[in-house]
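Per-entry structural report
Listed here are the chains, written in short residue letters.
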Amino acid sequence: QERCTTSLNRHGNVCSVQLSPESAYQVAFGCADYKSYVYDVRNNSRPLHVIAGHSKAVSYVKWLSGDKIVTASTDNTMKLWNLNSAPEPTSMQHRVAERTFSGMESQHG
């Protein structure tokens, strides 16, 4: 299209964005505020999901399917999230990742 159809405003820097592979209306993005967000662009007044669990910026987000997302962070972890297992439809802030993969920080010197 020639012009923007919607805007999503976050207070932290957005580091990664990906559209859902199964819905033309859902977008996920990772932010410098240590969280990831999933929005339905038809109603962007609040996120569908807020995914919290990293201790540093979320540098990458990727949909694996319509209900699974992987996030990677500068905290040297990658986490697998199941959006259908959230305790509340609008929040995953107190949800444990389905799986966490950890890397080692490089040692210099």
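Right, let's walk through the structure included here. Because the structure is predicted, anything quoted here is derived from the model rather than measured. (Residues numbered from 1 in each chain as written. Predicted model: local features only at pLDDT ≥ 70, side-chain atom pairs only at ≥ 80, totals over all residues. Heavy atoms only, no water.)

The tally for this structure, following the rule as stated, stands at 2 aromatic pairs. Between Phe29 and Tyr39, the aromatic rings sit 5.7 Å apart at their centres with planes inclined by 5 degrees, giving stacked as the arrangement. You can see Phe29 sitting in strand β2 (residues 26-31) and its partner Tyr39 sitting in strand β3 (residues 35-40), a full 10 residues away along the chain. Here the two residues Phe29 and Tyr39 agree in accessibility, since each one is buried. Members of the aromatic cluster, joined through ring pairs, are Phe29, Tyr37 and Tyr39. (Phe/Tyr/Trp six-rings, centres within 6.5 Å; stacked < 30°, edge-to-face > 60°. Helix = DSSP H or I, 4+ residues; strand = E, 2+ residues; numbered from the N terminus. Buried < 20%, exposed > 50% of the residue type's maximum accessible area, 1.4 Å probe, protein only.)

Before going further, it helps to examine the sheet that holds strand β1 (residues 14-19). Here we have 4 strands laid out as an open sheet, ordered β1-β2-β3-β4, and antiparallel in their pairing. The sheet terminates laterally at β1 and β4 (49-52), the two strands that pair on one side only. When the angles between neighbouring strand axes are averaged without regard to direction, this sheet yields 15 degrees. Alignment of β1 against β2, held across 5 bridges, turns out to be antiparallel. Looking at the pairing, Val14 lines up with Cys31 of β2. (Pairing = 2+ DSSP bridges. Axes fitted to C-alpha atoms, helices over the stretch in contact; angles between N-to-C directions.)

As far as function goes, none of this settles anything; it's purely spatial.
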